[in-house]
Amino acid sequence: MSLKIALTKGRVEKKVIPLLEQTGIDCTPLKNKKRKLIIRTDDDKFEFILAKGPDVTTYLNAGVVDIGIVGSDILDEQQNDQYELLDLEVGKCQFVLASTADFDVNSPERKIIGTKYPIITKKYFESLGQDVEIVKIEGSVELAPLIGLADAIVDITETGTTLKENNLYVFDYLDKVSTRLVVNRMSLKQHSAEVFNLVDNLKDAVSEKNKVQGEKIK
Amino acid sequence: MHKINLPLGTRAEFGERAGRKQLLVNELQKSLQKRNFMKVDTPLLEYQEVFANFDLKQMRTYQLLDKNNKTVVLRPDLTLPIARLLTTTNIKLPQKFYYVGDLFKIAKELSGRNNQMTQAGIELVGYSSLKAELECLLLINRISQKWLRNRVKIEISHACFADSLLASVTSNNELKNKIKHELYRKKIPEYQKAIKQFENTENYPFLQMWPRLFGEVGDITKMLEGIELPALARSSLQETIKVAKWVLKIPNQKVIIDLSTAPPQRYYTGITFKGFVDNIPEYLFSGGRYDQLLESFQAQPEPAVGMGIDIDLLTEIAEIKNEKEEKEYLFFEPSQIEYAAKLLLQNVNYELSLEDNLETAKEKARLEKVGLLKINKQGEIENVVENSSY
């Protein structure tokens, strides 16, 4: 039996492959995948399914994969209720409230907020005691305050470069984001030894990576 | 134009699937009636207050207003209406009940989940000994044997274990709830943060291993070796192990213990249990003891144990042996109705042939490899097509 892992393709995939290799998994088929979306490791222990982030949680909820590797932004937005066993500490970024220089977060009028993450945005403004109108945007969220679609945006940023280049300023920092390993509830019961083995190995790989990075900084 | 699409989350059942479901339900009901369970049918609509104790886990209920503007809901659970029924009638207790019916929960839109589900279940009210739990577990075992090739694994837990353990860790209720919340949803990074402040206490080794405290009886006992649990938690653990060991004595029954899982509902007060089949992503059975539930309906508390069976899932995965089809078509003319009536009464395997003429009836019977009989002028049966399926 092989463990089925839905891996978010793109940036997450690139950052996670070195960690998987560190645990001893031969990722050559994954690296040479070409256009294939389902990739089995040569020892048949793992089957990787490459998917978009929001679909990883859909697959997990339907029980068609055992494990998902996906950003915590998506897990929070989708109100994930599967088991989140490990923070892989890659793909780190942060939710921010950003807008043009003239934005006033404390102004009394009902604000319009553009975002890809309506649930996280709603929760954040509720914590401030503010009722806002949320406009769902699928991409290039930074545009919204620039073209007058929204008063501000809630989005994730890694370095803040895109915001700066578009003359946007950060007004508040919300939750931090990183890549997580999530397990389907029933899979954990049914394949606990295999799942915990992978989790423990990845945990060691993350510690090792942090140690090496710490030494480089010194 | 009439709207012809179904509302999201609903589906029609027909053909083979509907037949399989009916067969399972009939067999289950027959076996429960033989064992003196009383059938209960409660209405689909109940006042919202009936479900105050029910945790919908991110789902919502269908709500509507009655003529007095009071909110009524399509029932999301079948145990609470029975508790309501018992407090409003004089049904003599102890009593064993069973039910089969539909419940409604609104799942996340476009998630592919159904909002209408069929559940069967038993409720044993007025029984305080663990024999009531064993009655439920034996039913799981019989279903497992009959339709699932003994593949069901039973998971035993205790609704009080987490609370009784956390009581000895901290008196801060907010923190207790936070730890329990993160433990139950196994959000380990958050759980680790919540327990970090106990790093230098004697409870820390246990707190660290807690999310992984599930598995076979021997494994759990081994993991807990050398760990001193508070008296109440120890007693919940001992009861859990005792029941698990009894279940292991049932032939072909696999069992695990889980001390890190949330009870299926808030109203459970003792042993809880679930049943699942490997590689099936949902639980098939779920239940437990709920001794205080009737009290929340302003009645005397009554010891009780209940269990629900997901009939939709059972329908999907049950292996039902195909009974050999022995039917024969009976061709008749409308004027021969008195003979047809007599013959149908005599033999349940006769099915009326509704074809317009004998030739078409013959063609159909040959195609289906089924025998065809016709009624002759004297009212007697004549063989027209032999049954070639056997």
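Rules and cut-offs
Residues numbered from 1 in each chain as written. Chains lettered and ligands numbered in written order. Predicted model: local features only at pLDDT ≥ 70, side-chain atom pairs only at ≥ 80, totals over all residues. Heavy atoms only, no water. Contact = heavy atoms within 4.5 Å. Buried area = accessible area lost by both parts, 1.4 Å probe. Salt bridge = Lys/Arg side-chain N within 4 Å of Asp/Glu carboxyl O. Helix = DSSP H or I, 4+ residues; strand = E, 2+ residues; numbered from the N terminus. Domains from an automatic or database assignment. Pairing = 2+ DSSP bridges. Right-handed = clockwise from strand over helix to strand, strands pointing away. Buried < 20%, exposed > 50% of the residue type's maximum accessible area, 1.4 Å probe, protein only. Axes fitted to C-alpha atoms, helices over the stretch in contact; angles between N-to-C directions. UniProt positions renumbered as here; feature names shortened; annotations may be inferred. Polar contact = N/O pair within 3.5 Å; in protein donor to acceptor, adjacent residues only side chain to side chain.

Q: For this particular structure, what's the right way to read the interface of chain A and chain B?
A: How big an interface is tends to be stated in terms of the accessible area lost upon association of its parts. Between chain A and chain B, the residue contacts involve 23 residues of the former and 22 residues of the latter. Buried area between chain A and chain B, summed over both chains or domains, comes out near 1,900 Å², and the portion from carbon and sulfur atoms is 50%. On the chain A side of the interface with chain B, the three residues burying the most area are Met186(A), Lys189(A) and Gln190(A), jointly 34% of the side's total. For the pair chain A and chain B, the interface holds five salt bridges.

Q: Explain the environment of Gly114(A) here, please?
A: Looking at the secondary structure, you find Gly114(A) in strand E7 (residues 112-115). Every residue in contact with Gly114(A), bar those within four places of it in the chain, is listed here: Val135(A), Ile137(A), Val141(A), Ala150(A), Ala152(A), Ile153(A) and Val154(A).

Q: How do you make sense of the domain arrangement of chain B when you look at a structure like this?
A: We note that the domain assignment places domain 1 (1-133 + 283-312 + 319-323) and domain 2 (328-385) within chain B. Computed over C-alpha atoms, the centres of domain 1 of chain B and domain 2 of chain B are 43 Å apart.

Q: What exactly am I supposed to notice about the pairing of strand E8 (residues 133-136) of chain A here?
A: Successive residues of a regular strand alternate their side chains across the two faces of the sheet. All names here are of chain A. Direction of pairing for E7 relative to E8: parallel, over a ladder of four bridges. Its bridge partner lying in E8, Ile112 is registered against Glu133. One crossover worth recording links E7 to the parallel E8 by way of helix H5 (residues 118-127), and it is right-handed.

Q: Please explain unusual backbone geometry as it appears in this structure.
A: A negative phi holds for most residues other than glycine; trans holds for most peptide bonds. Note that the residue after Leu93(B), namely Pro94(B), is joined by a cis bond; omega there is 0°. For Pro94(B), the position within the fold is in the loop between helix H2 (79-88) and strand E5 (95-104). Despite not being glycine, Asn167(A) has its phi angle at roughly 55°, a positive value. When you line up the elements, Asn167(A) lands in the loop between helix H7 (161-165) and strand E10 (169-177). Its relative accessible area of 54% is what places Asn167(A) among the exposed residues.

Q: I tried to follow the sheet that holds strand E3 (residues 63-65) of chain B on my own but got confused; where do I start?
A: All names here are of chain B. Reading across the sheet, the three strands line up as E2-E4-E3 and stay open at both edges, with antiparallel pairing between neighbours. The two strands at the open ends of the sheet, each matched to only one other strand, are strand E2 (45-47) and E3. Taken over all neighbouring pairs, the strand axes of this sheet differ in orientation by 40° on average, direction set aside.

Q: How do you make sense of the UniProt feature "domain: ATP phosphoribosyltransferase catalytic" (unreviewed entry) in chain A when you look at a structure like this?
A: Under the local residue numbering, the UniProt record ascribes the feature "domain: ATP phosphoribosyltransferase catalytic" (unreviewed entry) to residues 54-203 of chain A. For residues 54-203 of chain A, the end-to-end C-alpha separation is 24 Å, with 35% helix and 30% strand making up the annotated structure.

Q: Looking at this model, I keep getting lost on the UniProt feature "binding site: L-histidine" (unreviewed entry) in chain B. Mind explaining?
A: Residues and elements named next belong to chain B. When the UniProt feature table is mapped onto this chain, "binding site: L-histidine" (unreviewed entry) is found at Asp77, Leu78, Thr79, Gln119, Glu123, Tyr267 and Tyr268. Residue placement: Gln119 occurs in strand E6 (residues 116-125). When neighbours within four sequence positions are excluded, Gln119 is seen to be in contact with Leu78, Tyr99, Val100, Gly101, Leu103, Gly308, Ile309 and Ile311. Of note is the side chain of Gln119, whose polar atom sits 3.0 Å from the side chain of Tyr99. The topology assignment puts Tyr267 in the loop between strand E9 (254-258) and strand E10 (271-277). Taking the relative accessible area as the measure of exposure, Tyr267 reaches 7% and is therefore buried.

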